[in-house]
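Letter by letter, the chains look like this.
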Amino acid sequence: DQQVKQNSPSLSVQEGRISILNCDYTNSMFDYFLWYKKYPAEGPTFLISISSIKDKNEDGRFTVFLNKSAKHLSLHIVPSQPGDSAVYFCAASAERGGSNYKLTFGKGTLLTVNP
Amino acid sequence: GAGVSQSPSNKVTEKGKDVELRCDPISGHTALYWYRQSLGQGLEFLIYFQGNSAPDKSGLPSDRFSAERTGGSVSTLTIQRTQQEDSAVYLCASSHGLAFGDTQYFGPGTRLTVL
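Residues numbered from 1 in each chain as written. Chains lettered and ligands numbered in written order. Predicted model: local features only at pLDDT ≥ 70, side-chain atom pairs only at ≥ 80, totals over all residues. Heavy atoms only, no water.

Colleague: Help me understand the overall build of chain A, please; the structure alone is not making it clear to me.
Modeller: The secondary structure content of chain A amounts to 0 helices and 11 strands. For chain A, the α and β elements follow one another from N to C terminus as β-β-β-β-β-β-β-β-β-β-β. Since a compact globule built from 115 residues should have a radius of gyration of about 13 Å, the 14 Å found for chain A is in line with a globular shape. For the C-alpha atoms alone, the extent of chain A along its principal axes is close to 45 × 30 × 20 Å. Charge centroids of chain A, computed over 12 positive and 10 negative side chains, lie 4 Å from each other. (Helix = DSSP H or I, 4+ residues; strand = E, 2+ residues; numbered from the N terminus. Rg over C-alpha atoms; globule rule 2.2 N^0.38 Å. Lys, Arg positive; Asp, Glu negative; His and termini not counted. Charge placed at Lys NZ, Arg CZ, Asp CG, Glu CD.)

Colleague: Explain the pattern of salt bridges here, please?
Modeller: Think of it this way: side chains of opposite charge can pair up when their charged atoms draw near. All chains considered together, the criterion is met by 5 salt bridges over all chains. The shortest N-O distance in the salt bridge between aspartate 84 of chain A and arginine 61 of chain A comes to 2.8 Å. Within this pair, whereas aspartate 84 of chain A is found in the loop between β8 (72-77) and β9 (86-94), its partner arginine 61 of chain A is found in the loop between β6 (56-59) and β7 (62-67), the two being separated by 23 residues in sequence. With a relative accessible area of 2%, aspartate 84 of chain A lands in the buried category. The closest approach of N and O atoms between aspartate 86 of chain B and arginine 64 of chain B, which form a salt bridge, is 2.8 Å. (Salt bridge = Lys/Arg side-chain N within 4 Å of Asp/Glu carboxyl O. Buried < 20%, exposed > 50% of the residue type's maximum accessible area, 1.4 Å probe, protein only.)

Colleague: What am I meant to see in a nonpolar patch on the surface here?
Modeller: Residues Ile18, Ile20 and Val78 of chain A make up a contiguous nonpolar surface patch of roughly 230 Å² in combined accessible area. Judged by relative accessible area, valine 78 of chain A falls into the partly exposed class, the value being 42%. (Patch = residues over 30% accessible without salt bridge, like charges linked within 9 Å, V, L, I, M, F, W, Y side chains within 5 Å. Areas by Shrake-Rupley, 256 points an atom, 1.4 Å probe, with all protein chains shown as cover.)

Structure, rendered in structure tokens:
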């Protein structure tokens, strides 16, 4: 039973355009959400996070949107650059549920940004 | 500064053998985590340490898996009598603590192949 789902295994966009990566979750206890980026042969690198008390968090070219009623979050990258090409993982934890140490990950989306 | 390091980077072993995987967390980080990523899957939580104790071992797949942490620093994950289904990338992460928003920083992983 997958509690965090990334339904698009891959996404291809043109350099300079917007990349939108989507993530859905089923566990209503999740209240903290993160995006990690992973290059081949490297560990995941933290990108951006959002608490359930917010619906948007922005950091430079990266913005995460959270829709709690739909149990959906998305990562927007604007403008996309070839160096953004990587696998993006969505992750969630239940901070107030006492399981803040345990991240539950989606299967990832491979983003390819074409020059 | 130095990030999380793991050794070996690759390990090939025969079914039935024991293996030890090592993790060196970021200096000063009190919390340490083990995850694994099987082919085509997201990261799966195995165990975490706060200092030298492991309050939650529920993610360990079977009693063939064990982990320890000594001196509040280095951790080893041991898999006894390895099976082919143990083949995966084993990732270690560390965080400053367990406070809300403490980011987990990942190492590059150990790719384990059981023949």
